[in-house]
Amino acid sequence: MINLKNRSLVSITDYSKEEILKVLDIAENFEKDQRQKILTNHVIASLFFEPSTRTRLSFESAVQYLGGSIIGFASAGTSSVKKGESLKDTILTVSNYSDLIVMRNPLDGSARYASEVSPIPIINAGDGANQHPTQCLLDLYSIRKTQGTLEDIHIALVGDLKYGRTVHSLVQALSLFNATFHLVSPESLKLPSSVKKWIKDAGLEYYQYTELSDVIPFADIIYMTRIQGERFPDPIEYEKVKNSYILENSMLEKSKESMRVLHPLPRVNEISEDVDDNPRAYYFQQAKNGVYVRQALITAILGLKG
Amino acid sequence: MKNKRTELKVSAIRSGTVIDHIPAENTFRVFAMLNLENSADHVYFGTNLESRKLGKKGIIKISNIFFKPEEISKIALVAPNATLIEIKDYEIVKKEQVLLPGEIQKIVKCVNPKCVTNNQNVPTYFKIIYDHHGTMKLACRYCEKTMSMDDIEFI
Ligand SMILES: [Zn+2]
């Protein structure tokens, strides 16, 4: 029996395979009929202790399409947090005014803590470098939508695999679906061994590469991420690798027709703009899918769907 | 012969606690962790002693002090195979291997400076896990980072 009602979502590992699939099924229903006014009697709190315009707008859009109301703040600078209020006090206060809290916070682990003190459910919209489960769910939705299934996918993860939290969550989630992982990164930004352990423990395989072109012919999904200069201890090394993980349209000639390129956005230069017109480019649709997935989560947690 | 020697060492204090089979390299750590330099009573300390089990071991004998369960968990973290012996009137009243609990609460600081437990009034909470080499690590319930025993800092 799958029941997501009144349960916080902090980390993608809080959900079983069946629960993930349930959310994706509900999201599919919202893709068919997005303007279901089933949230008209509800208030959602959106607490962004650090700005993240993209994620905030996606959540707000999800609530507005459902006819719900939103209260909250877009950065800590305009809130009582600036006056030194503890996270616990903010959560306890806001829980008096709303049915569900969407929270973004720069501290690692803040979402787990908030879910422990809050009498109402929390959706983690990013806690520092730790987790961002709604990004993971929209990635999974996009993979299933474009490949017809989540099972047995060959996924190429490209770029910063060391610090990229979206990559880590995606590995954890896809380990439930018998994926094969092709890891493309510079030597110093390889996937941490603790994350590789997830793959091993699931009895699955991973392969490591330093050349992006090596994985293009057989990948079902190419998941691109940004490489940030400040991640490199040695600026010379950054200069050496910064242009080796750029996807250009000409490179896609040898790729499968069903292959799709994903990116959590915002991109800087790691996907050349000439890829945008290729039918394999899927990153803007991917962002749109985020609204369906967030509609699904909010309604499932409030017990309105599922 | 060997048994006699061990008994002799143990019975050297009238009343108190003996911590035996400490890995030699952690003897000073256990000493510091239990704040023994501030002890008013007799404290005996030996390290790099021969041990069949560990190669080299350490032993600490503390007069008139008996440890609380949370202090014993601390010992277990840095000396998981240590033996704890309690003595009253030269008699061994209790002898047990220190037990590592599955969860460590409040006594250890999270190594991640951005962890919520280091920035808000949140008690720490770790699960004991083992990596792919079988090495013991602590996983923070909040920031989900794992830390090795070398990074442990007690609160
Ligand atoms: Zn932590």
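Worth saying up front: this structure is predicted, and the values here are computed from it rather than measured.

**Examining the domain arrangement of chain B**
All names here are of chain B.
Next, step 1: Parsing chain B into structural domains produces domain 1 (16-97) and domain 2 (103-154).
Next, step 2: Taking only C-alpha atoms, the centre of domain 1 and the centre of domain 2 are 24 Å apart.
Next, step 3: Every contact between the two is made by 6 residues of domain 1 and, on the other side, 10 residues of domain 2.
Next, step 4: Carbon and sulfur atoms supply 77% of the area that domain 1 and domain 2 bury against each other, a total of about 680 Å² over both sides.
Next, step 5: It is Arg29, Lys74 and Leu77 in domain 1 that bury the most area against domain 2; as a group they hold 74% of the surface buried on that side.
Next, step 6: Where domain 1 meets domain 2, there are 2 residue pairs in polar contact (both at pLDDT 80 or more).
Next, step 7: Going through the elements one at a time, α2 (27-33) and α3 (69-78) are the ones with two or more residues in the side of domain 1 that touches domain 2.
Next, step 8: Sorting elements by how many residues they give to the side of domain 1 that touches domain 2 places α3 first, with 4 residues.

**Regarding the nonpolar core**
Next, step 1: Membership of the largest hydrophobic core comes to 56 residues, with the highest contact counts inside it found for Leu137, Leu140, Ile155, Leu157 and Phe181 of chain A.
Next, step 2: For this core, the leading source of residues is helix α9 (residues 283-301) of chain A, giving 7 residues.
Next, step 3: Residue contributions to this core reach at least three from each of two domains, namely domain 1 (12-131 + 290-301) and domain 2 (134-287) of chain A.
Next, step 4: In this view, Ile155 of chain A contacts Ile143, Leu170, Leu174, Thr180, Phe181, His182, Ile221 and Tyr223 of chain A; residues no more than four positions away in its chain are not counted.
Next, step 5: Counting residues in each nonpolar core, the second largest holds 35 residues, with Leu87 and Tyr113 of chain A together with Cys110 and Met149 of chain B among its members.

**A word on the pattern of salt bridges**
Next, step 1: Evaluated as defined, the whole model comprises 19 salt bridges over all chains.
Next, step 2: Put simply, Asp108 of chain A and Lys114 of chain B hold a salt bridge, and the shortest N to O gap is 3.9 Å. Taken together, the residues Asp108 of chain A in the loop between β3 (100-105) and α4 (110-117) and Lys114 of chain B in the loop between β7 (108-109) and β8 (125-130) connect one chain to another.
Next, step 3: The exposure class of Asp108 of chain A is buried, given its relative accessible area of 2%.
Next, step 4: For Arg267 of chain A, the salt bridge identified is with Asp276 of chain A, shortest N-O distance 2.7 Å.
Next, step 5: Each of Asp25, Glu28 and Arg144 of chain A takes part in one network of salt bridges that share partners.

**A word on the pairing of strand β8 (residues 221-224) of chain A**
Along any regular strand the residues' side chains alternate between the sheet's two faces.
All names here are of chain A.
Next, step 1: Side chains Ile221 and Tyr223 project from β8 onto one buried face, and the interleaved Ile222 and Met224 project onto a second face that is buried too.
Next, step 2: Direction of pairing for strand β5 (residues 154-158) relative to β8: parallel, over a ladder of 4 bridges. Following the sheet pairing, Leu157 is matched in β8 by Tyr223.
Next, step 3: Across 3 bridges, β8 lies against strand β9 (residues 260-262) in parallel orientation.

**Side note on the side chain of Arg144 of chain A**
All names here are of chain A.
Next, step 1: In this structure, Arg144 sits in helix α5 (residues 133-147).
Next, step 2: What makes Arg144 buried here is its relative accessible area of 15%.
Next, step 3: Engagement of the side chain of Arg144 in a polar contact is seen with the side chain of Asp25, the distance being 2.9 Å.
Next, step 4: Aside from chain neighbours lying at most four places away, what touches Arg144 is Leu21, Leu24, Asp25, Glu28, Thr149 and Leu150.

**A look at the sheet that holds β8 of chain A**
Residue and element names in this part refer to chain A.
Next, step 1: Read across the open sheet, the 5 strands follow the order β7-β6-β5-β8-β9; overall the sheet is parallel. Here the strands that pair on one side only, and so sit at the sheet edges, are β7 (206-209) and β9. Mean inter-strand twist for the sheet, computed between neighbouring axes without regard to direction, equals 20°.

**Some points on the domain arrangement of chain A**
Residue and element names in this part refer to chain A.
Next, step 1: What the domain assignment lists for chain A is domain 1 (12-131 + 290-301) and domain 2 (134-287).
Next, step 2: The gap between the C-alpha centroids of domain 1 and domain 2 is 26 Å.
Next, step 3: Summing both partners gives a buried area of about 2100 Å² for domain 1 against domain 2, and 59% of it is carried by carbon and sulfur.
Next, step 4: The three residues of domain 1 that bury the most area against domain 2 are Ile12, Lys17 and Leu24, which together make up 27% of that side's buried surface.
Next, step 5: Between domain 1 and domain 2 we count 4 salt bridges in total.
Next, step 6: Counting across the domain 1 and domain 2 interface gives 11 residue pairs in polar contact (both at pLDDT 80 or more).
Next, step 7: At 9 residues, the largest contribution of residues to the side of domain 1 that touches domain 2 is made by helix α1 (residues 17-32).
Next, step 8: In terms of residue class, the side of domain 1 that touches domain 2 is made up of 13 nonpolar, 7 polar and 8 charged.

**A look at the sheet that holds strand β4 (residues 122-127) of chain A**
All names here are of chain A.
Next, step 1: Spatial ordering of the open sheet is given by β2-β1-β3-β4, a layout of 4 strands whose pairing is parallel. Two strands lie at the open edges of the sheet, namely β2 (69-73) and β4, each paired on one side alone. With direction set aside, neighbouring strand axes in the sheet form an average angle of 15°.
Next, step 2: Strand direction decides the pairing type here: strand β1 (residues 43-48) and β3, joined by 5 bridges, are parallel. Across the sheet, Ala45 pairs through a bridge with Ile101, a residue of β3.

**Topic: the coordination of the zinc ion**
All names here are of chain B.
Next, step 1: Distances from the zinc ion to its protein donors, namely Cys110 (SG), Cys115 (SG), Cys140 (SG) and Cys143 (SG), fall within the range 2.3 to 2.4 Å.
Next, step 2: Angles of 101 to 118° at the metal separate the 4 donor atoms of the zinc ion, which places the site in the tetrahedral class.
Next, step 3: One chain supplies every donor for the zinc ion, spaced along it as C-x4-C-x24-C-x2-C. As far as the burial class goes, Cys140 and Cys143 line up, both buried.

The rules we used
Residues numbered from 1 in each chain as written. Chains lettered and ligands numbered in written order. Predicted model: local features only at pLDDT ≥ 70, side-chain atom pairs only at ≥ 80, totals over all residues. Heavy atoms only, no water. Domains from an automatic or database assignment. Contact = heavy atoms within 4.5 Å. Buried area = accessible area lost by both parts, 1.4 Å probe. Polar contact = N/O pair within 3.5 Å; in protein donor to acceptor, adjacent residues only side chain to side chain. Helix = DSSP H or I, 4+ residues; strand = E, 2+ residues; numbered from the N terminus. Core = buried A, V, L, I, M, F, W, Y, C linked by side-chain atoms within 4.5 Å. Buried < 20%, exposed > 50% of the residue type's maximum accessible area, 1.4 Å probe, protein only. Salt bridge = Lys/Arg side-chain N within 4 Å of Asp/Glu carboxyl O. Pairing = 2+ DSSP bridges. Axes fitted to C-alpha atoms, helices over the stretch in contact; angles between N-to-C directions. Nonpolar A, V, L, I, M, F, W, Y, C, P; charged D, E, K, R; others polar. Donors = N, O, S within 2.8 Å, 3.2 Å for Na, K, Ca; no water. Tetrahedral: all angles 85-135°; square planar, octahedral: opposite > 155°, others 65-115°.

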